[in-house]
Amino acid sequence: MASFSRSLTCPPFVLPLAKHSLRPSLRHIGHASQSVVTEAPPSFESLGISKPVAKALQSTFPNVQIPTKSQRKFIPAVLSGFDVLLQNDTGTGKTFGLILALLSKPRQKMEFRRRKHLKGGSRPSTVLVITPHRELALQCMHWIQSLHGAINTTNSDVSTLAQLVVRGTGSSLKDHISQLHEHQPRLVIGTPNALLDVFQEDPSALPTWAISTVVVDEVDTVIEHLPPNARKYDILKFERMLKKHPTPTRQILNLIYPKYIREVQDTSDREDGSSEQRTQFIATSATLRSQFKFTLMRKSGWVTRRWKDVVDISGSSRADFASLRVESAGTIDSGLVQHSALVVSPDGTIKNIDGSKVAVVPALGPDEGQTDVPSIEDELSLLPMEEISEADVDDAESSPFNQEALEAIATIFALEVPQVALLVLPATAPVKWAIHDLRKLGINAHGLNILDEENVRTHLLRKGDKPADNPTMIVSTTVFTRGLDLPDLSHVFRLGVWDDMTPRTYVHIAGRVGRFGKEGKVVTVVESPYTFREGKKVHVRDEPSRLAQIYKKLKISPVKLEYFG
Ligand SMILES: Nc1ncnc2c1ncn2[C@@H]1O[C@H](COP(=O)(O)OP(=O)(O)OP(=O)(O)O)[C@@H](O)[C@H]1O
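Here is what the cut-offs are and how they apply
Residues numbered from 1 in each chain as written. Predicted model: local features only at pLDDT ≥ 70, side-chain atom pairs only at ≥ 80, totals over all residues. Heavy atoms only, no water. Pairing = 2+ DSSP bridges. Helix = DSSP H or I, 4+ residues; strand = E, 2+ residues; numbered from the N terminus. Axes fitted to C-alpha atoms, helices over the stretch in contact; angles between N-to-C directions. Contact = heavy atoms within 4.5 Å. Near = heavy atom within 4 Å. Polar contact = N/O pair within 3.5 Å; in protein donor to acceptor, adjacent residues only side chain to side chain. Areas by Shrake-Rupley, 256 points an atom, 1.4 Å probe, with all protein chains shown as cover. Nonpolar A, V, L, I, M, F, W, Y, C, P; charged D, E, K, R; others polar. Domains from an automatic or database assignment. Phe/Tyr/Trp six-rings, centres within 6.5 Å; stacked < 30°, edge-to-face > 60°. Buried < 20%, exposed > 50% of the residue type's maximum accessible area, 1.4 Å probe, protein only. Parallel < 35°, antiparallel > 145°, perpendicular 65-115°, else oblique. Left-handed = near helix turned anticlockwise from the far one by under 90°.

Draft legend 1. How the structure looks around the sheet that holds strand β15 (residues 472–477). Taking strand neighbours across the sheet as the criterion, the seven strands line up as β12-β11-β17-β16-β13-β15-β14 in an open arrangement whose pairing is mixed. Two strands lie at the open edges of the sheet, namely β12 (350–352) and β14 (445–447), each paired on one side alone. Between one strand axis and the next, the sheet turns through 25 degrees on average, direction left out of account. As paired elements, β14 and β15 share three bridges and run parallel to each other. Its bridge partner lying in β15, H446 is registered against I474. In the packing of helix α15 (residues 403–416) onto the sheet, the strands contacted are β11 (337–344), β12, β13 (420–425), β15, β16 (489–495) and β17 (520–527), and the crossing angle to β16 comes to about 175 degrees.

Draft legend 2. Here's a closer look at the site of the ligand. Lining the immediate surroundings of the ligand are 25 residues, of which T90, F96, D485, R512 and F516 lie closest. Here K94 contributes a side-chain N or O atom positioned 2.9 Å from an oxygen atom of the ligand. Coverage of the ligand by the protein chains reaches 98% of its 640 Å² of free accessible surface. For the shell around the ligand, the element with the most residues is helix α4 (residues 94–104), which contributes three residues. Along the lines of polarity and charge, the residues of the shell around the ligand split into ten nonpolar, ten polar and five charged. Viewed by domain, the shell around the ligand spans two of them, domain 1 (27–107 + 120–318) and domain 2 (330–554), each represented by three or more residues.

Draft legend 3. The arrangement of the packing of aromatic side chains in detail. On inspection of all chains with the given rule, the structure shows six aromatic pairs. Centre to centre, the rings of F281 and W302 are 6.1 Å apart; their planes meet at 35 degrees, and the pair counts as tilted. In this pair, F281 is assigned in strand β9 (residues 280–284) and W302 in the loop between α13 (290–300) and β10 (310–315), connecting sequence segments 21 residues apart. For the pair F281 and W302, a shared accessibility class is recorded, and that class is buried. For the pair Y506 and Y551, a centre-to-centre distance of 6.0 Å together with 90 degrees between the ring planes defines the contact as edge-to-face. Of this pair, Y506 sits in helix α17 (residues 503–510) while Y551 is found in helix α18 (residues 543–554), placing the two residues 45 residues apart along the sequence. There is no split in this pair, since Y506 and Y551 are both buried. Through a chain of ring-to-ring contacts, three or more aromatic side chains come together here, namely F61, F96 and W143.

Draft legend 4. Spotlight on the packing of helix α3 (residues 69–79) against α4. Running from N to C, α3 and α4 point in directions that differ by 30 degrees, and their axes come no closer than 9 Å. Between α3 and α4, the interaxial angle falls into the category roughly parallel. For the pair α3 and α4, the crossing hand works out as right-handed. Here S70, Q71, F74, I75, V78 and L79 of α3 lie close against α4, whose contacting residues are K94, F96, G97, L98, A101, L102 and S104.

See the structure below:
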């Protein structure tokens with residue numbers, strides 16, 4: 001039987017092919033900044049977004065009027081069934097555009113044949129979306145629920161359209177499985193651990209052969225991979241580790257693409273006679289390195305070996321900014337985002353980091369209008385952080401946070417934040433303590449828990465520029481902010497520059513502001529250099545120098561905050 005992707009033809013709007021260094025016949029859609037736009041932008045419908053979805057988009061997300069450049073490239077590719085490797089700047093509408101495309105995909109009838117010509121079963125297809133953490137899955141589901149209200153003319157249950165499979169929302173594994181059996185949803189969105197539980201507990205709840213498309217969002221955070229320039233010893237160690245302890249996402253993908261598919265990709269007549277339709281593979285990330293992309297394509301067995309059926313979209317859209325402000329990715333060099341840093345000394349004085357310059361643009365105000373990534377498989381840390389029990393706080397003698405640093409953040413928050421700000425802590429920092437300390441300073445602080453309707457979920461949709469009576473500070477850690485989109489976010493605060501901060505993570509965290517033409521500020525607060533003991537060894541932690549190096553690498557000139565020296 002013909003493979004799924006083979007029958008597809010390249011529509012005329014799938015973009016000019018450029019030669020790719022890995023394989024000449026691969027469809028490579030290169031840097032957006034190199035393209036010149038002369039024609040009027042296309043509509044979502046002309047890209048293939050279905051009429052009901054486009055209509056629902058208009059009424060539910062009035063701010064989304066024309067597709068971003070990135071969306072113009074990947075939506076047709078996704079709809080045409082190509083495998084897609086999508087790397088584009090943070091905040092270019094990757095996740096959102098994907099959801100629109102996936103909702104527009106016609107549902108296929110998937111057939112499973114046990115032996116040649118012997119039918120084993122059939123079922124409507126399901127698209128599986130794997131997200132690195134629960135909040136991102138909830139964010140996608142929130143978008144779908146908002147669109148569903150407008151798409152739904154037959155009053156059908158949203159569960160037939162999409163279902164969430166995550167831990168920590170009150171639904172048990174049993175509940176997830178029975179819902180999957182009952183609704184056979186078009187889309188399943190979940191986190192790796194929760195999905196793997198389902199596959200292992202009841203493979204018939206979501207048969208792998210019925211999955212027509214698998215999307216791995218923020219792929220470089222959920223699939224372990226080697227750093228560039230790994231040494232031979234590291235490679236051997238890594239390969240041993242892969243055999244012994246593959247991460248849940250890898251296990252899921254290996255179930256969807258079983259060994260015989262991984263070994264003999266896309267042969268029409270497999271030796272054992274089985275001939276399921278091939279599952280489309282889509283991977284996205286703003287920080288997808290080319291080496292990892294290469295591994296995905298050449299070694300994983302998940303991407304088709306028919307290179308002409310792979311679309312590789314990569315690049316930056318920043319250069320387009322001047323002409324098209326709706327295009328996002330303003331984080332580093334668009335001038336939309338101001339980067340500042342404060343250094344707190346042991347005597348409590350706070351100064352702007354050396355080299356800060358006076359702002360050339362007016363400051364924002366309420367009246368104005370990897371491998372570097374730590375494991376994110378421990379979803380336990382995603383349990384609602386909202387309630388701080390007195391016991392938690394009493395257990396520790398005092399807060400682990402530098403109070404002067406928190407006060408500096410609270411000051412800027414009080415003076416500048418119109419609606420919502422994000423405080424990002426290092427991966428292992430105690431979020432509850434930060435919330436506790438900020439509340440003592442009078443800040444309306446909450447953990448990043450999208451189930452919290454009143455304080456957090458409400459910020460998933462744009463509310464406009466009107467200042468809120470009581471602005472919100474959402475507190476999170478590096479990993480759990482990945483992919484999150486809070487449209488009215490104006491400030492990102494970062495406390496400390498620990499080991500998990502690299503230029504890449506900085507860009508990603510900073511990328512929560514400056515999206516879709518909005519201005520924003522990124523303020524990092526660090527302590528002046530200090531020594532600490534680990535066993536018998538004494539170490540020096542020099543956060544200001546580390547931050548200065550990151551700035552240098554990213555060509556950021558920090559801007560002086562006027563309230564500090
Ligand atoms: N074409 C568009 N025009 C205007 N706004 C858009 C458009 N597409 C998406 N958005 C808005 O962008 C936000 C979603 O961006 P999304 O999270 O998809 O970006 P991303 O590229 O996945 O970012 P990240 O790399 O940080 O994960 C939503 O608020 C959505 O309303």
